[in-house]
Structure formats: structure tokens, C-alpha cells
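Below are the chains, spelled out letter by letter.
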Amino acid sequence: MAEQKIRNLNKLLLSEVLTMINSDPSLMDPGKPFAFKQNSALHKVFYYGYVPSARFMLPEGIPPFTPSNMKAGVNSTDLLIAIRRGRFSYMVDKAIPNARREQLYISLLETVNSEEAKVLLAIKDQNLDQLYPNLTYKCLYEHGYLPFDAQKCADEPKSDPVEQKTEVQAETTKKTRRTTTRKTTKK
């Protein structure tokens, strides 16, 4: 079934494409259906969704909008088509007034189906990796979609709970010693 879907790339929704790539990142390898292509819609999605300098010039969070009840691909706007038509460029264009930019974004949210709206919100807030945990910055860099960023491509864990616990225990021990010392000297 997945092979059948991949053959009809033009009929896939962005949320379907991202779900497929999340479950099998090798689909982005050279020669595969979602291999890197400069200025492709997928390249733009990852660029705006991960690169801090390309962040949409919109407030964080969910804007007030009426979610669409439209069926995907039947009577809703496909997000990939909107991206190909340059709709994302409006979200970073400094020449467009903020109110107009927000209005354009909300109208786009209201014309895509609910799954596409979730993806669009994640792109805006640059948290696609929360919806698709296998699509990390490092993975997308390795497949050519994102520029190198030493901090984001590092293999280091963000925090080591064992080290944190040891530091907290050491600080607690110091405080306990100080309190005990103060109590004994007062008597």
C-alpha cells in the first residue's frame, strides 16, 4: 500500500509525506522518492520549519481560526500546492504589514484540512520534530535538506539525569551542612 501511495506523489498531502518519511527516513536517500531537490516544496517545509533565521514572522501559539471540515484533497487546499505557489514567502516578507501577514496565515489555515493545519502550525512554531520525532535537524542535514549547524547536529544528549541528580544532591548536602552548623552554634 505504501508503495502505491509513493507512486502517486502528486496526490499526497504534506502530512502523509511527512508521516511516510518519519516512519522510514531512508525515503530521502538519493534515488528515492523524497530525495533532496533544491527549492522543492519539501525543502521549503524543512527550511521554514527548522532554520531559526527563516522563522515565520508570526506570533507563537495557535491563532484564532475556524478549523476546516473539508475532506483532504477534495475541496480543501493542499498545503504542498500552496507552498509551490509561494505562500510561505508571505510569512517572512518584511514588506507585508504584520496584520496582513497574520490574516494571510489564518486564511491558509482555514482552507486546509485539520491534519495539514497541524503541520502548518508546527512549521510556524518550528516544532515539526514534535509531530515527527524521526525528522531531527541532524537527519535532515544528512539528507541535504538543511544547512550545517554544529549545535543542532551534535550527538550530545541535552541533559544527563545522573549528573543533574549528583549536582542537586551535592547542593542539598551543602545546604543541610550549613543549616546544621548554624543550629549547633546558636545553642
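Parameters and conventions
- Residues numbered from 1 in each chain as written.
- Predicted model: local features only at pLDDT ≥ 70, side-chain atom pairs only at ≥ 80, totals over all residues.
- Heavy atoms only, no water.
- Helix = DSSP H or I, 4+ residues; strand = E, 2+ residues; numbered from the N terminus.
- Contact = heavy atoms within 4.5 Å.
- Areas by Shrake-Rupley, 256 points an atom, 1.4 Å probe, with all protein chains shown as cover.
- Axes fitted to C-alpha atoms, helices over the stretch in contact; angles between N-to-C directions.
- Parallel < 35°, antiparallel > 145°, perpendicular 65-115°, else oblique.
- Phe/Tyr/Trp six-rings, centres within 6.5 Å; stacked < 30°, edge-to-face > 60°.
- Buried < 20%, exposed > 50% of the residue type's maximum accessible area, 1.4 Å probe, protein only.
- pLDDT = per-residue confidence, 0-100.
- Core = buried A, V, L, I, M, F, W, Y, C linked by side-chain atoms within 4.5 Å.
- Salt bridge = Lys/Arg side-chain N within 4 Å of Asp/Glu carboxyl O.

1. Some remarks on the overall build of the protein
Inference 1: What the protein contains, in helices and strands, is 10 helices and zero strands.
Inference 2: Mapped from its N terminus to its C terminus, the protein presents α and β elements in the order α-α-α-α-α-α-α-α-α-α.
Inference 3: For the protein, restricting intrachain contacts to residue pairs at least 6 apart in sequence, the fraction spanning at least 24 positions comes to 68%.
Inference 4: Of the roughly 12,000 Å² of accessible surface on the protein, 52% is carried by carbon and sulfur atoms.

2. So, the packing of helix H2 (residues 14-23) against helix H6 (residues 114-124)
Inference 1: At their nearest, the axes of H2 and H6 sit 8 Å apart, and the two run at 70 degrees to each other. Comparing the axis directions of H2 and H6 gives the class roughly perpendicular. Residues Leu14, Ser15 and Leu18 of H2 pack against Glu115, Glu116, Val119 and Ile123 of H6.

3. Looking at the packing of aromatic side chains
Inference 1: All chains considered together, the criterion is met by 10 aromatic pairs.
Inference 2: Relative to Tyr145, the ring of Phe36 lies with its centre 5.3 Å away and its plane at 85 degrees, an arrangement referred to as edge-to-face. With Phe36 in the loop between H2 and helix H3 (41-50) and Tyr145 in the loop between helix H8 (137-142) and helix H9 (150-153), this pair connects stretches of sequence that are 109 residues apart.
Inference 3: Measuring from ring centre to ring centre gives 5.1 Å for Phe56 and Phe88, while their planes differ by 80 degrees; the resulting arrangement is edge-to-face. You can see Phe56 sitting in the loop between H3 and helix H4 (79-84) and its partner Phe88 sitting in the loop between H4 and helix H5 (98-111), a full 32 residues away along the chain.
Inference 4: When its relative accessible area of 2% is taken as the criterion, Phe88 is described as buried.

4. Points about the confidence of the model for the protein
Keep in mind that low pLDDT regions are not for reading the predicted coordinates in detail.
Inference 1: Chain-level pLDDT for the protein is 80 on average; 74% of the residues reach the 70-or-more range.
Inference 2: Long-range and interchain partners of residues 156-187, a stretch whose pLDDT sits below 50, account for two contacts in this model, where long-range means more than four residues apart.

5. With respect to the nonpolar core
Inference 1: Formed by 47 residues in total, the largest nonpolar core has its most connected members in Leu14 and Phe46.
Inference 2: Of all the secondary-structure elements, those providing two or more residues to this core are H2, H3, H4, H5, H6 and H8.
Inference 3: Once residues within four sequence positions are removed from consideration, Phe46 is found in contact with Leu18, Met28, Val51, Leu135, Leu140, Tyr145 and Leu146.

6. A look at the environment of Ile96
Inference 1: Relative to the helices and strands, Ile96 resides in the loop between H4 and H5.
Inference 2: Those residues in contact with Ile96 that lie beyond four places of it in its chain are Tyr90 and Arg101.

7. Focus: the pattern of salt bridges
Where charged atoms of side chains with opposite charge meet at close range, the side chains can pair.
Inference 1: Considering all chains together, one arrives at three salt bridges under this definition.
Inference 2: Notably, a salt bridge pairs Lys118 with Glu115, separated by 3.2 Å at the nearest N-O pair. Residue Lys118 and its partner Glu115 are located together in helix H6, separated by three residues, close to a single helical turn.
Inference 3: Taking relative accessible area as the criterion, Lys118 reaches 45% and is therefore assigned partly exposed.
Inference 4: In this structure Glu115 comes out as partly exposed when scored by relative accessible area, which is 40%.

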